[in-house]
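# A look at the structure
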Amino acid sequence: MELKNAVAVVTGANRGLGRHLAAQLVERGAKVYAAARRPETVDLPGVTPLRLDVTDEASIRAAARTASDATLLVNNAGISTATPLIAGGPDTVRLEMETNFYGPLTATRAFAPVIEGNGGGAVLNVLSVLSWLHPAHLGSYAATKAAAWALTDAAREELAPRGIAVSALHVGYMDTDMAAGVPADQKADPAEVAAQALHGIETGLPEILADEITRHVRQGLAASPNAA
């Protein structure tokens, strides 16, 4: 997909990876709707702030009406609460699923006809190495990302005949607020991750593996589960 003159909607664009994605899209010549629950927190030059709460279907539908010229949707907004699945509070587990799975699903359902009507385009879902690696202390987050991986694969097949490519970005820890407690040498630069993601969209990659640990874990999925 050509990003120059594309019209992108980036959720969670007020900080972290979303902010880098929005800024780099502007640099590449795209029109960018920088979506956030509180659009007044968007301070990037050259973007159009857009109110969009991924846990509020009415908000998503309203955003799709406003961004009626969209050709690219980036489902970036998400949360991590470090909640285990068994011992953790069920309300928190549900909130993570509402945000990290139902949010991208609802946004994709709302924007797919918009993108199709504008001649086709792409959807990028920001996932995680924890789509495949499921530590107990992050069980809720990992479950949502595993579900979002399935969503991405199924939507790719369903939307391809409508001229919409669907890609997944998988990455480990990034140097953002979500990973503030992780040692710096274990974190990827979100600006570099954003650049890889946009290159992947431009070249039509179905999966974008942004760091070495993600590539290693993804490769290991092909191994026998009983392998040493």
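To be clear, the structure that these remarks concern was listed above.
This report concerns the structure included in the present document.

A few words now on the nonpolar core. Residues Leu17, Leu21, Leu25, Leu72, Leu169 and Val193 are the most contacted members of the largest nonpolar core, which totals 32 residues. Among the elements of the structure, β1 (7–11), α1 (16–27), β2 (31–36), β4 (72–75), β5 (121–126) and α5 (190–203) are those that each provide at least two residues to this core. Examining the composition of this core, we find that five residues originate from one element, α5, more than from any other. Every residue in contact with leucine 21, bar those within four places of it in the chain, is listed here: Val10, Val74, Asn76, Ala194, Ala197 and Leu198. Among the nonpolar cores identified, the runner-up in size contains 27 residues, and Ala70, Ala77, Ala107 and Val114 belong to it.

Regarding helix α2 (residues 57–66), the residues found buried are Ser59, Ile60, Ala63 and Ala64. The buried side chains of α2 occupy one side of the element, clustering within an arc of 135° when seen end-on. On its buried face, α2 sits against β3 (48–51) and α3 (90–117).

Along the chain, serine 167 turns up in strand β6 (residues 164–170). Those residues in contact with serine 167 that sit more than four places away from it in its chain are Val123, Leu124, Asn125, Thr152, Arg156, Leu205, Pro206 and Ile208.

Another point: the pairing of β2. Counting buried residues in β2 gives five out of six residues, a clear majority hidden from the surface. The pairing of β1 with β2 spans five bridges and is parallel. Note on β2: the bridge partner recorded for valine 7 is lysine 31. On the question of chirality, the crossover connecting β1 to the parallel β2 by way of α1 is right-handed. As defined by bridge partners, β2 adjoins β3 across four bridges and the pair is classed as parallel. Within the sheet, the bridge partner assigned to tyrosine 33 lies in β3 and is threonine 48.

Before going further, it helps to spend a moment on the sheet that holds β1. Taken in spatial order, the seven strands line up as β3-β2-β1-β4-β5-β6-β7 in an open sheet, and their pairing is parallel. Among the strands making up the open sheet, the edge pair consists of β3 and β7 (207–209). Averaged over all neighbouring strand pairs, the angle between strand axes comes to 20°, with direction disregarded. Contacting β1, β2, β4, β5 and β6, α1 crosses the sheet at an angle of about 170° to β1. Packed onto the sheet, α3 meets β1, β4, β5 and β6 and runs at close to 170° relative to β4.

Enumeration over the complete set of coordinates arrives at ten salt bridges. For glutamate 207, the salt bridge identified is with arginine 218, shortest N-O distance 2.8 Å. Of this pair, glutamate 207 sits in strand β7 while arginine 218 sits in helix α6 (residues 212–220), and the two are eleven residues apart along the sequence. A salt bridge links glutamate 212 to arginine 215, with the nearest nitrogen and oxygen atoms 3.5 Å apart. Placement of both glutamate 212 and arginine 215 in helix α6 is noted, with a separation of three residues, approximately one turn of the helix.

In this description, a pair of aromatic rings is defined by centroid distance and the angle of the planes. Across all of its chains, the model carries two aromatic pairs by this definition. With 5.0 Å between their ring centres and 75° between their planes, phenylalanine 101 and tyrosine 102 make a pair best called edge-to-face. Taking the centre distance of 5.7 Å and the plane angle of 80° together, the rings of tryptophan 132 and tryptophan 149 count as edge-to-face. One end of the pair, tryptophan 132, is in the loop between β5 and α4 (139–159); the other, tryptophan 149, is in helix α4, and 17 residues separate them in sequence. The ring of tryptophan 132 carries the charged tip of arginine 218 above its face, separated from the ring centre by 5.3 Å.

Cut-offs used in this document
- Residues numbered from 1 in each chain as written.
- Predicted model: local features only at pLDDT ≥ 70, side-chain atom pairs only at ≥ 80, totals over all residues.
- Heavy atoms only, no water.
- Core = buried A, V, L, I, M, F, W, Y, C linked by side-chain atoms within 4.5 Å.
- Buried < 20%, exposed > 50% of the residue type's maximum accessible area, 1.4 Å probe, protein only.
- Helix = DSSP H or I, 4+ residues; strand = E, 2+ residues; numbered from the N terminus.
- Contact = heavy atoms within 4.5 Å.
- Arc of directions from axis to C-beta.
- Pairing = 2+ DSSP bridges.
- Right-handed = clockwise from strand over helix to strand, strands pointing away.
- Axes fitted to C-alpha atoms, helices over the stretch in contact; angles between N-to-C directions.
- Salt bridge = Lys/Arg side-chain N within 4 Å of Asp/Glu carboxyl O.
- Phe/Tyr/Trp six-rings, centres within 6.5 Å; stacked < 30°, edge-to-face > 60°.
- Lys NZ or Arg CZ within 6 Å of the ring centre and 35° of its normal.

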